[in-house]
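Inside the fold
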Amino acid sequence: IGLPHGSVDHVIAARLTGWSLPRTAGLYALVALAAWACLEIARPVALAAVLLLSLVHFVLAEVEVARSTWAWTLRPPIAFALGVAGTGALLLPLARADAETVRVAGAITPGLADLLTDGAVRTALVVVWASCAAIATVAALRARRPGAVLDIVLLALLGLLAPPLVAFAVWFGCWHGLRHLARLLGVEPRSDRKSTRLNSSHR
């Protein structure tokens, strides 16, 4: 379900740097190869870095959606809280990881499986998410951004009620992936021109 929004990363990188597409794609492939090598050679450290980078990516994506969708100017503390609150379907399922989730984590690295069964880690995930969700909800209500509140509620329900792996899959494919892809398409000039012509023809 969903679209592989990362498949256009090299195109966006080419537009941002001004480099040719073949050059950017080649460097992108080298970075991917280097990341794979790091995971094979220094797995625990590299995996921790990858997971942290992924979380930063998810948080920034939620903040960008809030800014572009609701024209909401966010101060750094509120932006951080909103971004973390937007990962409810990731952090909450990790906090209630079932046997299948632990098995998948163990297939990646045994240390990750151990973390997901640690009571202190589970509690910390819930406390961090709940605190950020509360701050973000209050800020959204004060700023009259009901859409942000609805997002937090929907993600909380998904993260709390669906099986952990299903919650993550639905969120990643039907929420994060699609919204992030829509944002990336906005960087593509030809997509914007086609959208303008389509709207004009409908009028």
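Residues numbered from 1 in each chain as written. Predicted model: local features only at pLDDT ≥ 70, side-chain atom pairs only at ≥ 80, totals over all residues. Heavy atoms only, no water.

**So, helix H5 (residues 88-95)**
The buried fraction of H5 amounts to 7 of the 8 residues, a majority that puts the element mostly inside the structure. Considered for burial, the residues of H5 that qualify are Gly-88, Ala-89, Leu-90, Leu-91, Leu-92, Pro-93 and Ala-95. (Buried < 20%, exposed > 50% of the residue type's maximum accessible area, 1.4 Å probe, protein only. Helix = DSSP H or I, 4+ residues; strand = E, 2+ residues; numbered from the N terminus.)

**Some thoughts on the packing of aromatic side chains**
Counted under the stated rule, the structure contains 4 aromatic pairs. Both rings, one in Phe-58 and one in Phe-172, keep their centres 6.2 Å apart while their planes meet at 80 degrees; by these two values the pair is edge-to-face. One end of the pair, Phe-58, is in helix H3 (residues 43-70); the other, Phe-172, is in helix H10 (residues 164-185), and 114 residues separate them in sequence. Between Phe-168 and Trp-171, the ring centres sit 5.9 Å apart and the planes meet at 50 degrees, which makes this aromatic pair tilted. You can see Phe-168 and its partner Trp-171 sitting in helix H10, 3 residues apart, about one turn around the helix. (Phe/Tyr/Trp six-rings, centres within 6.5 Å; stacked < 30°, edge-to-face > 60°.)

**Things to note about the nonpolar core**
Formed by 31 residues in total, the largest nonpolar core has its most connected members in Trp-72, Leu-74, Leu-82, Trp-129, Ile-152 and Trp-171. Sorting the residues of this core by element identifies H3, helix H4 (76-85), H5, helix H8 (119-142), helix H9 (146-161) and H10 as the ones contributing at least two each. Per-element tally for this core: the top contributor is H8, with 7 residues. Those residues in contact with Leu-82 that sit more than four places away from it in its chain are Ala-66, Trp-72, Leu-74, Ala-136, Ala-148 and Ile-152. (Core = buried A, V, L, I, M, F, W, Y, C linked by side-chain atoms within 4.5 Å. Contact = heavy atoms within 4.5 Å.)

**Observations regarding the side chain of Asp-151**
Locating Asp-151 in the fold gives a position in helix H9. When near neighbours in sequence (up to four residues on either side) are disregarded, Asp-151 contacts Trp-70, Trp-175 and Arg-179.

**Description of the packing of H8 against H9**
Closest axis-to-axis distance for the H8/H9 pair is 9 Å, and the angle between their directions is 155 degrees. Comparing the axis directions of H8 and H9 gives the class roughly antiparallel. Read as a crossing pair, H8 and H9 show a hand that is left-handed. The segment H8 lies against H9, with Trp-129, Ala-133, Ala-136, Thr-137, Ala-140 and Leu-141 engaging Ala-148, Val-149, Ile-152 and Ala-156. (Axes fitted to C-alpha atoms, helices over the stretch in contact; angles between N-to-C directions. Parallel < 35°, antiparallel > 145°, perpendicular 65-115°, else oblique. Left-handed = near helix turned anticlockwise from the far one by under 90°.)

**A short note on the environment of Ala-46**
Note that Ala-46 resides in helix H3. With relative accessibility at 12%, the residue Ala-46 sits in the buried group. Considered as a pair, Ala-46 and Trp-36 are 10 residues apart in the sequence and their alpha carbons are 9.2 Å apart. Beyond its immediate stretch of four places on either side in the chain, Ala-46 contacts Cys-38 and Leu-39.

**Quick look at a nonpolar patch on the surface**
On the surface, a cluster of nonpolar side chains totalling about 570 Å² of accessible area is made up of Leu-150, Val-153, Leu-154, Leu-157, Leu-160 and Leu-161. Mapping Leu-150 onto the fold places it in helix H9. (Patch = residues over 30% accessible without salt bridge, like charges linked within 9 Å, V, L, I, M, F, W, Y side chains within 5 Å. Areas by Shrake-Rupley, 256 points an atom, 1.4 Å probe, with all protein chains shown as cover. Salt bridge = Lys/Arg side-chain N within 4 Å of Asp/Glu carboxyl O.)

**Considering the packing of helix H1 (residues 9-17) against helix H2 (residues 21-41)**
If you want to describe how two helices pack, look at the angle between their axes and the distance between the axes. Where H1 meets H2, the axes come as close as 9 Å, and the angle between the chain directions of the two elements is 125 degrees. Our classification of the angle between H1 and H2 gives oblique. H1 and H2 meet at a crossing whose hand is right-handed. Taking contact as the criterion, the partners of Asp-9, His-10, Val-11, Ala-13, Ala-14 and Thr-17 in H1 are, on H2, Leu-21, Thr-24, Ala-25 and Tyr-28. Of the residues assigned to the contact of H1 with H2, the class counts are 6 nonpolar, 3 polar and 1 charged. (Nonpolar A, V, L, I, M, F, W, Y, C, P; charged D, E, K, R; others polar.)

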